[in-house]
Structure formats: structure tokens, C-alpha cells
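A structural walkthrough
Listed below, chain by chain, are the residues.
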Amino acid sequence: MLTSPHATAGEGARATRDRLLDSAERLFAQHGLAATSVREITAEAGANLAAVNYHFGGKHQLYVESFRRRLGVLREQRIATITETLRRTRGARALETLLRAFAESFLDPLLVAEGGRCLMRMIQREMLDPELPEGMFEGELVGPVRASLAEAVLAIEPDLPADHVRRAVESFIAQLLHLARTLDRAGAARSETAAHIEHIVRFSAAGFRACAHPPGRRARTRRDRG
């Protein structure tokens, strides 16, 4: 079967675009946006100097797109993990199973995969010197994942108040993000990461379930028994 010249040209353009994104991620992670030149990016990608403008409209747009691509991958991975774990998980410890699976899917791409490690460096630089459109992290990654996890928790523990679950999910994810930053800097061993995950899972599962019994309600119950 013959391949048309247009199809071949399109594949070549996509390959160039992907190489530019890959090279930009590595260089932005190492040096930051301001200290990385278009010439450095195109040289590493094996592309001509005009390729960044042609494919992205400029260096800043390339920076934004490099984040968008990586955030989209993480979003789909995390939501898929939530969906699959919820589908196959039953029993009294289903909440722990869900939280553990999510924690592993949250940390592995950031600490193991090369693209994830680049993203961690880029996020750290972005927090110090913001360049992304306002609300991009929330819209592309945090919001959809947080909503999916909250829905899954409520499916497992339907008696929990939804507003408390949403706050507990925010706390759980914040613990994982802090752990990712800490372990990335420390270069922790896999066994150490597993121990941290297990602690956060136990701690958070207890916190989720405590939402069903606010302190005031427990106190009244004890007085009533007295």
C-alpha cells in the first residue's frame, strides 16, 4: 500500500513537534524558561530555528504546551487508576485499596519516569517564577482528578458527607504532592517510598471515616451514655 506524500509530511511534522516538546521539557527543567533559548531547543531536537514559531508560535507557547501535554498524560493515568480500582475493589478495606492505588499512580510517574522527573523540576521552577496561564493546573489536572477521586470515595463510603470528602481529598493529595517533592530531592529508595505511602494511606483513611462522626456528635453521644 502506497503512502501519500501528504501523509508522510504530516507524520514528519508530528515527529518534529514531539521532538521539540521532548527537548523543551528537558531544557526547561534544567535551566528554566528564561535561561533556555530557542536555538538550544531546536539544536537538541534536530530541527531548524524556525520550527518553534511554526509549530507553537513562540518559546512561551512551547513552554505552556509542554506542561499541557504532561499534565494531560497524568490526568488520564490517575483517573484511569481510580476507575479501574473502583471497578474491581470490594470489602471492608476498599477505601485503603483505592487510596493506595491512587498514591502509587500519583508518585510513580513523577519519581520513576524520566518525563515525570522533568515535570517535577518544571513545577518547582514554575512555583518560584510563574509563567503559565492562571488556573491551568486546576483545569488541566488538579480539578478533574480531585473530583474523580471524591466520587470514588463516596461510592465506597456513601454515608460520608460529600463536603467533608472533598476537603479530605484535597488534604490527601496535598500530602502526596509534598511527599513527591521531598522524595525527589532526597532520591529515596523504593522501599522508603512504599513506607511513606502506607503511612499516608492509613492516616487519610482514618480521616475520611472520621468525617462521618464530627467531634460534637461524638461528645453528645458520650454524655448521653453517661
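Residues numbered from 1 in each chain as written. Predicted model: local features only at pLDDT ≥ 70, side-chain atom pairs only at ≥ 80, totals over all residues. Heavy atoms only, no water.

**So, the packing of aromatic side chains**
Applying the stated rule across the entire model yields five aromatic pairs. Judged by centre distance (6.0 Å) and plane angle (45°), the rings of Phe102 and Phe106 are tilted. In this pair, Phe102 and Phe106 are both assigned in helix 5 (residues 94-111), four residues apart and thus about one turn of the helix distant. Taken as a pair, Phe102 and Phe106 share a single burial class, namely buried. Feature note: the residues Phe28, Tyr63, Phe67 and Phe137 constitute an aromatic cluster, connected by ring pairs. When the ring centre of Phe106 is taken as origin, the NZ or CZ atom of Arg78, which lies over that ring, is 3.9 Å away. (Phe/Tyr/Trp six-rings, centres within 6.5 Å; stacked < 30°, edge-to-face > 60°. Helix = DSSP H or I, 4+ residues; strand = E, 2+ residues; numbered from the N terminus. Buried < 20%, exposed > 50% of the residue type's maximum accessible area, 1.4 Å probe, protein only. Lys NZ or Arg CZ within 6 Å of the ring centre and 35° of its normal.)

**Description of helix 7 (residues 136-156)**
Across its 21 residues, helix 7 extends 30 Å between first and last C-alpha, which sits within 8% of the 30 Å expected from 1.5 Å per residue. When the local axis directions of helix 7 are compared, the greatest deviation, roughly 45°, occurs at Val142, which is followed within four positions by the proline Pro144. Here helix 7 has its buried residues at Met136, Leu141, Gly143, Val145, Ser148, Leu149, Ala150, Ala152 and Val153. (Expected span 1.5 Å × (residues − 1). Bend = angle between axes of the 7 residues up to and from the residue.)

**Remarks on the confidence of the model for the protein**
Scored by pLDDT, the protein comes out at a mean of 86, with 84% of its residues at no less than 70. In the predicted structure, residues 217-226 sits below a pLDDT of 50 and forms three contacts with residues beyond four places in sequence or in another chain. (pLDDT = per-residue confidence, 0-100. Contact = heavy atoms within 4.5 Å.)

**Examining the side chain of Glu126**
You can see Glu126 is positioned in helix 6 (residues 114-128). Buried charge without a salt bridge: Glu126, with Arg125 as the nearest opposite-charge side chain at an N-O distance of 10.0 Å. A distance of 2.9 Å separates the side chain of Glu126 from the backbone nitrogen of Leu132, its partner in a polar contact. Apart from residues no more than four positions distant in its own chain, Glu126 is found in contact with Tyr63, Phe67, Glu131, Leu132 and Phe137. (Lys, Arg positive; Asp, Glu negative; His and termini not counted. Salt bridge = Lys/Arg side-chain N within 4 Å of Asp/Glu carboxyl O. Polar contact = N/O pair within 3.5 Å; in protein donor to acceptor, adjacent residues only side chain to side chain.)

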